[in-house]
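# Observations on the three-dimensional arrangement
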Amino acid sequence: MDEIVNGSDIIIYVNKGTTASPTWAAVAYSTSHKYSGSSEMGERAHKDVDNPMWPEKYVKKQSVTITVEALVTNDDEVDSWDLLNTTWKAGLPVQVKYAPKDSKITAGDKYEQGMFIITSLERNDPTNEDSTLSATLESSGAVTTET
């Protein structure tokens, strides 16, 4: 029987290297991730169908949005705020993978990978509470399923 995936075992990685030679950095201390796929639809209504009140539908565009929430740390080794803020300021697509943690990968595991642009980035620093960040990344080009 297959096991249910534990959400704690999934993490977002951002490529700090080149596409040809990736250096993956995890968005550390994450508390939540969300992967959303969407399709923009088009319609075709024409006289060659039995009932033009029921137009044909087709996919015009597809996109993926990833959201992440994480705790902010001042550890240079795992500074997710600095990683995401630097990436956002560059304003360029960055390679991202939505995958099991390195320690949880088993043969045949699948994950999603593609180029993304950070479209929003927020940091919250409330009094007497943990500092948190949230980011939204939108696909720029195809997102593929890798093994």
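All figures in this text were calculated on a predicted structure; none of them were measured in a lab.

Calculation criteria
- Residues numbered from 1 in each chain as written.
- Predicted model: local features only at pLDDT ≥ 70, side-chain atom pairs only at ≥ 80, totals over all residues.
- Heavy atoms only, no water.
- Salt bridge = Lys/Arg side-chain N within 4 Å of Asp/Glu carboxyl O.
- Helix = DSSP H or I, 4+ residues; strand = E, 2+ residues; numbered from the N terminus.
- Buried < 20%, exposed > 50% of the residue type's maximum accessible area, 1.4 Å probe, protein only.
- Pairing = 2+ DSSP bridges.
- Phe/Tyr/Trp six-rings, centres within 6.5 Å; stacked < 30°, edge-to-face > 60°.
- Lys NZ or Arg CZ within 6 Å of the ring centre and 35° of its normal.
- Patch = residues over 30% accessible without salt bridge, like charges linked within 9 Å, V, L, I, M, F, W, Y side chains within 5 Å.
- Areas by Shrake-Rupley, 256 points an atom, 1.4 Å probe, with all protein chains shown as cover.
- Lys, Arg positive; Asp, Glu negative; His and termini not counted.
- Charge placed at Lys NZ, Arg CZ, Asp CG, Glu CD.

In this section: the pattern of salt bridges. Inspection of the entire model under this criterion finds three salt bridges. A salt bridge links Glu-40 to Lys-60; the shortest N-O distance between them is 3.7 Å. Linking Glu-40 in strand S3 (residues 30-44) with Lys-60 in strand S4 (residues 56-71), this pair joins segments that are 20 residues apart in sequence. Given the relative accessible area of 36%, Glu-40 is considered partly exposed. We classify Lys-60 as partly exposed; its relative accessible area is 47%. Glu-43 is the salt-bridge partner of Lys-57, the closest N and O atoms lying 3.0 Å from each other. On the criterion of sequence distance, the pair formed by Lys-57 in strand S4 and Glu-43 in strand S3 is long-range, its members being 14 residues apart. As far as the burial class goes, Lys-57 and Glu-43 line up, both exposed.

Glancing now at the pairing of S4. Pairing between S3 and S4: 14 bridges, direction antiparallel. Residue pairing for S4: Lys-34 is matched across the bridge by Thr-67. Sheet topology note: the S4/strand S7 (residues 132-146) ladder contains seven bridges and is antiparallel. Looking at S7, one finds that Ile-66 is bridged to Leu-137.

This model, assessed by the stated rule, comprises one aromatic pair. Measuring from centroid to centroid gives 5.3 Å for Tyr-35 and Tyr-98, while their planes differ by 55 degrees, and the two rings are tilted. Placement of Tyr-35 in strand S3 and of Tyr-98 in strand S5 (residues 94-100) is noted, with a sequence separation of 63 residues between them. Its relative accessible area of 30% is what places Tyr-35 among the partly exposed residues. Residue Tyr-98 is classed as buried on the basis of its relative accessible area, which comes to 18%. Over the ring of Tyr-58 we find Arg-44; its NZ or CZ atom is 4.0 Å from the centre of that ring. In this structure, Arg-123 is placed above the aromatic ring of Trp-81, and the distance from its NZ or CZ to the ring centre is 5.4 Å.

What follows concerns a negative patch on the surface. On the surface, Asp-75, Asp-76, Glu-77 and Asp-82 cluster together to form a negatively charged patch. Within the secondary structure, Asp-76 sits in the loop between S4 and helix H1 (80-90).

Turning next to unusual backbone geometry. Not every positive phi belongs to a glycine, and Tyr-29 is a case in point at roughly 55 degrees. The topology assignment puts Tyr-29 in the loop between strand S2 (24-26) and S3. With relative accessibility at 47%, the residue Tyr-29 sits in the partly exposed group. A positive phi is found at Asn-128, a non-glycine position, where the angle reads about 60 degrees. Looking at the element boundaries, Asn-128 is found in the loop between strand S6 (111-124) and S7.

Shape descriptors only; they carry no functional weight alone.
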